[in-house]
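# Results of the structural survey
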Amino acid sequence: MTTKTKPVQKRRTQERTEVTKRRLIEAAIQEFSDKGYNGVTARDIEVAANVQRGLLKYHFGDKSELWKAAISSIFGELTEFRRSRIEMAQDVQPEERLAFRIRSFVRFTAKHPELNRLMIQEGKSDSWRMEFMIENFIAESARELRALVDTEYNLSDQDFFHWYYSFIGAGALAFNVAPEAARLFGVDMTDEDVITRHAQITADSLIGLAKRRSIENADLK
């Protein structure tokens, strides 16, 4: 074997490793979002990823470490998406930035409904997984959103709590129940026009709510 061949083989091995890890992470995101952490075995994920038995342990150690990698992956995608949208929003008027942020969340959730499903799965119980999500991703995102709301509207902590979960629910629910929406209303939740309209209606509703609460809070002072 020539010395020239070794780097080529090493690179191919590394590429195969990355492909296998990516397949495991993508399968894990779907499995965990559909069935929850306790409803999925390591072998379930390997089968879903179409990889050999034992490769989850080889690459990640155990199911909990793969779960962390899967969560970090999808929140990483959200962070990158948000960063790109922030750059786009530089030319947006200040009063429009919150609406832009809401529409961006709807657009991401439309393409990645599994994110909200994962949050619902883990939000149902107080576990190390919920703590991991909050400490590493959700708390910072909520603070960033609160700061954006505060630039335009005077919401109390209690008001923001209700506004925040209205934001999450209004922005994500329809995409998580897409089959129901199709049967009930004949709506395709993957249709770009539907996504755009849902994003705008969600933004209009949440901005209206923030305005009303801000005015009411000002009147109380």
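Our subject is the structure that appears above.
Quick summary incoming for the structure in this document. Source: prediction; values computed, not measured. (Residues numbered from 1 in each chain as written. Predicted model: local features only at pLDDT ≥ 70, side-chain atom pairs only at ≥ 80, totals over all residues. Heavy atoms only, no water.)

## Things to note about the packing of helix H6 (residues 113-123) against helix H7 (residues 128-150)
When two helices pack together, their arrangement is given by the angle between the helix axes and by the axis-to-axis distance. Two elements in contact, H6 and H7, have axes whose closest approach is 9 Å; the angle formed by their N-to-C orientations is 130°. With respect to each other, H6 and H7 are oriented oblique. Between H6 and H7 lies a crossing of left-handed hand. Across the interface between the two elements, Leu118, Met119, Glu122 and Gly123 from H6 touch Arg129, Met130, Met133 and Ile138 from H7. Split by residue class, the contact of H6 with H7 holds five nonpolar, one polar and two charged. (Axes fitted to C-alpha atoms, helices over the stretch in contact; angles between N-to-C directions. Helix = DSSP H or I, 4+ residues; strand = E, 2+ residues; numbered from the N terminus. Parallel < 35°, antiparallel > 145°, perpendicular 65-115°, else oblique. Left-handed = near helix turned anticlockwise from the far one by under 90°. Contact = heavy atoms within 4.5 Å. Nonpolar A, V, L, I, M, F, W, Y, C, P; charged D, E, K, R; others polar.)

## Considerations on the pattern of salt bridges
Summed over all chains, the structure comprises 13 salt bridges. Of the charged contacts, one joins glutamate 26 and arginine 22 as a salt bridge, the two residues approaching to 3.3 Å between their closest N and O atoms. Taken as a pair, glutamate 26 and arginine 22 lie in helix H1 (residues 5-35) at a separation of four residues, close to a single helical turn. Take glutamate 26: its relative accessible area is 44%, and that puts it in the partly exposed class. Of the charged contacts in the structure, one is a salt bridge between glutamate 65 and lysine 68, with a shortest N-O distance of 3.5 Å. Residue glutamate 65 and its partner lysine 68 are located together in helix H4 (residues 63-88), separated by three residues, close to a single helical turn. Among the residues examined, glutamate 65 registers a relative accessible area of 36% and is labelled partly exposed. You can call lysine 68 partly exposed: its relative accessible area is 26%. Salt bridges sharing common partners tie together Arg146, Asp150 and Asp157. (Salt bridge = Lys/Arg side-chain N within 4 Å of Asp/Glu carboxyl O. Buried < 20%, exposed > 50% of the residue type's maximum accessible area, 1.4 Å probe, protein only.)

## Comments concerning the layout of surface pockets
Put simply, the largest pocket is a space of about 370 Å³. Surrounding the largest pocket, 15 residues form its lining, Met119, Gly123, Ile138, Tyr164 and Tyr165 being those nearest its centre. The set of elements that each furnish at least two residues to the lining of the largest pocket consists of H6, H7 and helix H8 (157-176). In terms of residue class, the lining of the largest pocket is made up of ten nonpolar, three polar and two charged. (1 Å grid on protein atoms, 1.4 Å probe; cavity = no way out; pocket = protein on both sides within 12 Å on 5 of 7 lines; lining within 4 Å. Points joined across faces, edges and corners; volume = space filled by probe spheres on them.)

## Re unusual backbone geometry
Its identity is not glycine, yet asparagine 50 carries a phi of approximately 60°, on the positive side. With respect to the secondary-structure elements, asparagine 50 resides in the loop between helix H2 (42-49) and helix H3 (55-60). By relative accessible area, which is 62% here, asparagine 50 ends up exposed.

## A few points about empty space enclosed by the protein
To find leftover empty space, one rolls a probe the size of a water molecule over the atoms. One pass over the structure, following the stated rule, counts two cavities of 30 Å³ or more. The calculated volume of the largest cavity comes to roughly 120 Å³. The wall of the largest cavity is formed by 13 residues, among which Leu78, Phe105, Ser141, Tyr164 and Ile168 lie closest to the centre. Listing elements by their share of the lining of the largest cavity, those giving two or more residues are H4, helix H5 (94-111), H6, H7 and H8. Each residue belonging to the lining of the largest cavity can be placed in one class, and the counts come to ten nonpolar, one polar and two charged. A volume near 40 Å³ is recorded for the second largest cavity. Lining the second largest cavity are Leu78, Phe81, Arg82, Arg101, Ser104 and Phe105.

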